[in-house]
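Examining the three-dimensional arrangement
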Amino acid sequence: MLKIYRASDPEVENLLAAPPFDASRMAVVEEIIAAVRERGDEALCALTARFDRVQLAPEDLRVTGEEVEAAYGEVSGAFLDALRLAAARILAFHTRQVPQSWFEAQDGAFLGQLVRPLARVGIYVPGGTAAYPSSVLMSALPARAAGVGEIVMCTPPGRDGTVAPPILVAAAEAGIKEIYRVGGAQAVAAMAYGTATIRRVDKIVGPGNIYVTLAKQRVYGEVDVDVPAGPSEVVIVADATADPEWVAADLLAQAEHDTLARCLLLTPVPELAQAVAGEAARQAAQLPRREFIAEALEAFGGIVVTRDLAEAVELANRFAPEHLELLVADPLVWLGRVRNAGAVFLGPYAPVPVGDYAAGPNHVLPTGGTARFASALGTEAFVKRINVAGLDRAGLAALAGAVVTLAEAEGLAAHAAAVRARLAGKEQDG
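Right, let's walk through the structure included here. Model, not experiment: these values are computed from the prediction. (Residues numbered from 1 in each chain as written. Predicted model: local features only at pLDDT ≥ 70, side-chain atom pairs only at ≥ 80, totals over all residues. Heavy atoms only, no water.)

One key point about sheets: their strands pair by backbone hydrogen bonds, in either a parallel or an antiparallel sense. Spatial strand order, β6-β5-β4-β7-β8: five strands in an open sheet with parallel pairing. Single-partner strands in this sheet number two, and they are β6 (178–180) and β8 (224–225). Both strand β4 (residues 120–124) and strand β7 (residues 203–205) contribute to a ladder of three bridges, which runs parallel. If you follow Gly122 over to β7, its bridge partner there is Ile204. Its contacts with the sheet put helix α9 (residues 210–219) on β4, β7 and β8, and the angle it makes with β7 is roughly 160 degrees. (Pairing = 2+ DSSP bridges. Helix = DSSP H or I, 4+ residues; strand = E, 2+ residues; numbered from the N terminus. Contact = heavy atoms within 4.5 Å. Axes fitted to C-alpha atoms, helices over the stretch in contact; angles between N-to-C directions.)

Spelled out as structure tokens, the structure:
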């Protein structure tokens, strides 16, 4: 199931390479977006009937407060306790990230940066056949921590036209007041351009299928969007202290997401490689999603035996994984060598699922190698920075020579003249 390679084997390059992006469905996405822009709510209802097999009228798109209240009666007390624990930790973590405004006055200049939250944000939550309340918390709570005034949620309805109670409860706990039962590219279009029922937003975040991903790319510029979400990834760097049973379990936890999940173990210990391969086969045979797991590990999984831990970490940096586990004796020492990863999990008691749900850091992470330049979703994604500059006469005089010289070098005479006029003319108060 899991093949074992040497780091020098040519197949390793394919394991490390980012998967090609599939834009073949863009024509369908363009058609959907055009329909929503032209026909608004009518198109949303028609597309929901087409893709979700649910008949809705425009007045049915918004989930009512009564539905949200009823959802609380459909979830267990244990679920609600777990959700609230996770929400508190996620909110606390992201509150520490909030960027701050700053200002300074020096040498005739007043400079600074004004930080303001976005006014209205839309989050997309996958749904229909499955419920992901954790995605609600991870998308909405950073926006709440940043001070966003209005948070809107779109999620596909189930076959009975309802939204799963865990999703509704998570939305209520996260402070979301507007919930719409609409999914796919049509939901992205509605949030980006607005309809009679759904007012447009400033930014759209949250994972989704390929149609959602393509739609977000298409509407970028009309609104801001987060980093595209691809198949789940985990890279585990392990030494002789790692438990093969636990390593195998962590690989399988990512492989069960879907058949495109990418799962790699990098280790300088051949005995560990062999033991993990055997453990993965044994454990997978007992899991409900064993067919998904087998297909993912066969196509995109592997174990690479390296010269040493340094080579293992370097290969991990080249992969730039969504999730990186350091199952080594001194994880903090090796953390200093990590350059590219969406999130890092240290030691044997911090498996990725803890980060997926309740540790506090965000689980909306860069995939497909984009961790080379992108970061986890955080509060900074929900604010804008406004630069501020003020000068008195002396401050302008100190900069005038450089400004005029650079303006004239660029052939912008009016720029230079705007500065000269202030120094040649009378002084003004204020």
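Additional details are given in the paragraphs that follow.
Let's shift gears to the packing of helix α6 (residues 133–146) against helix α7 (residues 165–173). It is the contact of α6 with α7, at a shortest axis distance of 9 Å, that shows an interaxial angle of 15 degrees. With respect to each other, α6 and α7 are oriented roughly parallel. Between α6 and α7 lies a crossing of right-handed hand. From α6, Pro133, Val136, Leu137 and Arg144 reach across to α7, where they touch Pro166, Ile167, Ala170, Ala171 and Glu173. (Parallel < 35°, antiparallel > 145°, perpendicular 65-115°, else oblique. Left-handed = near helix turned anticlockwise from the far one by under 90°.)

Judged by nonpolar contacts, the single largest core of 39 residues is most densely connected at Ile123, Val136, Leu137, Met153, Ile176, Ile179 and Phe382. If you list the elements that add at least two residues to this core, you get α4 (65–72), α5 (77–95), β4, α6, β5 (150–154) and α7. The element that contributes the greatest number of residues to this core is α6, accounting for seven residues. With residues up to four places along the chain from it excluded, the contact list for Ile176 reads Ile123, Val136, Ala140, Ile151, Val152, Met153 and Ala171. Ranked by size, the runner-up nonpolar core spans 34 residues in total, among them Val29, Val36, Val182 and Ala192. (Core = buried A, V, L, I, M, F, W, Y, C linked by side-chain atoms within 4.5 Å. Buried < 20%, exposed > 50% of the residue type's maximum accessible area, 1.4 Å probe, protein only.)

Overall, antiparallel pairing links the three strands, which are arranged β2-β3-β14 in an open sheet. The sheet is open, and its two edges are formed by β2 (102–106) and β14 (383–391), each paired on a single side. Strand-to-strand, the axes of this sheet are offset by a mean angle of 10 degrees, without reference to chain direction. Across nine bridges, the pairing between strand β3 (residues 109–117) and β14 is antiparallel. Within the sheet, the bridge partner assigned to Gln113 lies in β14 and is Asn387.

A covalent bond bridging the sulfur atoms of two cysteines is what the word disulfide describes. For the structure shown, the criterion picks out zero disulfides. The closest cysteine sulfur to the non-disulfide-bonded Cys45 is located on Cys154, 12 Å from its own sulfur. On the accessibility criterion, Cys45 (8% relative accessible area) is buried. (Disulfide = S-S within 2.5 Å.)

This next bit is on the pattern of salt bridges. In this structure the tally under the stated criterion is 18 salt bridges. Glu173 is paired through a salt bridge with Arg84; the nearest N and O atoms lie 3.1 Å apart. Of this pair, Glu173 sits in helix α7 while Arg84 sits in helix α5, and the two are 89 residues apart along the sequence. For Arg84, a relative accessible area of 41% translates into the label partly exposed. Across the pair Arg200 and Glu222 runs a salt bridge whose closest N-O atoms are separated by 3.9 Å. Taken together, the residues span a long stretch of sequence, with Arg200 in the loop between α8 (184–193) and β7 and Glu222 in the loop between α9 and β8 at a distance of 22 residues. Given the relative accessible area of 40%, Glu222 is considered partly exposed. Connected through shared salt-bridge partners, Arg120, Glu150, Glu178 and Arg199 make up one network. (Salt bridge = Lys/Arg side-chain N within 4 Å of Asp/Glu carboxyl O.)

Quick look at the packing of α5 against α7 now. With their axes 11 Å apart at the nearest point, α5 and α7 run at an angle of 40 degrees to one another. Relative to α7, α5 is oriented oblique. Relative to α7, α5 is oriented so that their crossing is right-handed. Along its contact with α5, which presents Phe79, Leu80, Leu83 and Arg84, the element α7 presents Pro166, Val169, Ala170 and Glu173.

Quick look at α6 now. The terminal C-alpha atoms of α6, which comprises 14 residues, lie 20 Å apart, in line with the 20 Å expected from a rise of 1.5 Å per residue. At Ala140, α6 shows its largest kink, close to 25 degrees, and the proline Pro142 lies no more than four residues downstream. Counted residue by residue, α6 has 13 buried out of 14 residues, so it is predominantly covered. (Expected span 1.5 Å × (residues − 1). Bend = angle between axes of the 7 residues up to and from the residue.)

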